[in-house]
Amino acid sequence: MDNFLLPQSLEKIQEEARSLHEQAYYCSQNHTVLLDKKNNKVFVLLGDGELNEGSVWESFLIANAYKLKNLIVIIDRNFRQANKSTEELIPLEPLGEKFEKFGWDVFVCNGHSFKEIRDVFGTIKNCKNEKPKIIIAKTIRGKAIKSIEDDPKYWFSDFSNEQIIKLKKELVGELIG
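Residues numbered from 1 in each chain as written. Predicted model: local features only at pLDDT ≥ 70, side-chain atom pairs only at ≥ 80, totals over all residues. Heavy atoms only, no water.

**Q** Account for the pairing of strand 2 (residues 71-77), naming residues and giving values.
**A** Counting buried residues along strand 2, 6 of its 7 residues qualify, which places the element largely inside the surrounding structure. Relative to strand 2, strand 1 (residues 42-47) runs parallel, the two sharing 6 bridges. What sits directly across from Gly 47, in strand 2, is Asp 76. Assessed by its sense of winding, the connection that carries the chain from strand 1 through helix 2 (residues 54-65) to strand 2 is right-handed. For strand 2 and strand 6 (residues 133-138), the ladder comprises 6 bridges, and the chain directions are parallel. Bridge pairing in strand 6 places Ile 75 opposite Ile 136. (Buried < 20%, exposed > 50% of the residue type's maximum accessible area, 1.4 Å probe, protein only. Helix = DSSP H or I, 4+ residues; strand = E, 2+ residues; numbered from the N terminus. Pairing = 2+ DSSP bridges. Right-handed = clockwise from strand over helix to strand, strands pointing away.)

**Q** Give me the pairing of strand 5 (residues 105-110): which residues, what numbers.
**A** Because side chains alternate across strand 5, one face comprises the buried residues Asp 105, Phe 107 and Cys 109, and the other comprises Val 106, Val 108 and Asn 110, none of which is buried. Of the pairings in the sheet, the one linking strand 5 to strand 6 comprises 6 bridges and is parallel in character. Along strand 6, the bridge assignment pairs Val 106 with Ile 134.

**Q** Explain the sheet that holds strand 5 to me, using residue names and the numbers behind them.
**A** A sheet is described by the order of its strands in space; here 4 strands give the open sequence 1-2-6-5, paired in parallel fashion. Each of the sheet's edge strands pairs with one partner strand only, and the pair in question is strand 1 and strand 5. Along the sheet, successive strands turn relative to each other by an average axial angle of 20°, direction set aside. Sitting on the sheet, helix 5 (residues 114-125) touches strand 1, strand 2, strand 5 and strand 6, and the angle it makes with strand 5 is about 160°. (Axes fitted to C-alpha atoms, helices over the stretch in contact; angles between N-to-C directions. Contact = heavy atoms within 4.5 Å.)

**Q** Just give me the short version of the packing of aromatic side chains, but keep the residues and values in it.
**A** The description of an aromatic ring pair rests on the distance of the ring centres and on the angle between the ring planes. All chains considered together, the criterion is met by 8 aromatic pairs. For the pair Trp 57 and Phe 60, a centre-to-centre distance of 5.2 Å together with 80° between the ring planes defines the contact as edge-to-face. You can see Trp 57 and its partner Phe 60 sitting in helix 2, 3 residues apart, about one turn around the helix. Overall, the relative accessible area of 3% leaves Phe 60 in the buried class. Note on Trp 57 and Phe 102: the rings are 5.4 Å apart at their centroids and 70° apart in plane angle, and the pair reads as edge-to-face. With Trp 57 in helix 2 and Phe 102 in the loop between helix 4 (95-101) and strand 5, this pair connects stretches of sequence that are 45 residues apart. Relative accessible area serves as the criterion here: at 16%, Trp 57 is assigned to the buried category. For Phe 102, a relative accessible area of 23% corresponds to the partly exposed category. Here a set of aromatic residues connected by ring pairs shows up, and it is made of Trp 57, Phe 60, Phe 99, Phe 102 and Trp 104. (Phe/Tyr/Trp six-rings, centres within 6.5 Å; stacked < 30°, edge-to-face > 60°.)

**Q** If you had to explain the pattern of salt bridges to someone new, which residues and values would you point to?
**A** Enumeration over the complete set of coordinates arrives at 10 salt bridges. Residue Lys 131 pairs with Asp 105 through a salt bridge whose shortest N-O separation is 3.9 Å. Pair noted here: Lys 131 is in the loop between helix 5 and strand 6 and Asp 105 is in strand 5, with a separation of 26 residues, a long-range link. Note on Lys 131: relative accessible area 36%, which makes it partly exposed. Looking at Asp 105, the relative accessible area reads 13%, which means it is buried. (Salt bridge = Lys/Arg side-chain N within 4 Å of Asp/Glu carboxyl O.)

This is the structure we're talking about:
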């Protein structure tokens, strides 16, 4: 895990928080890394709602065509876009099979389990093929805060300070208990 971004190596992050339509930028960054014969990794974190964008799928095709083996995309798969189910808006399933058909190595894990995430990164570290990698991290919005967990009425809420204190106590209680 030493070659992946850990708290002691956060200074290695060169770009962050780019806009939704700039996935091609990450493909070009990765291609540059490979041309320079570097072993750096390029990580992209996407929400599953962003998979409704055509430019995202174009980038997936480009990554496969150029064999961007250092590209690791993590999909936050909470089955939600805004306040609706992704499957209700534009169905994405079977998501893993789609990425496999696009020429990617696909890994699925519980996005709330540090152990599972660590295990997936360990597996990826040992991959020697030329394929880009994608991790489908299955998550639940508001996980571990039972009063708001997976409840769309809270996804765009403006909580008062009092509510925030209550929610933090609920989260801490859930994590400790």
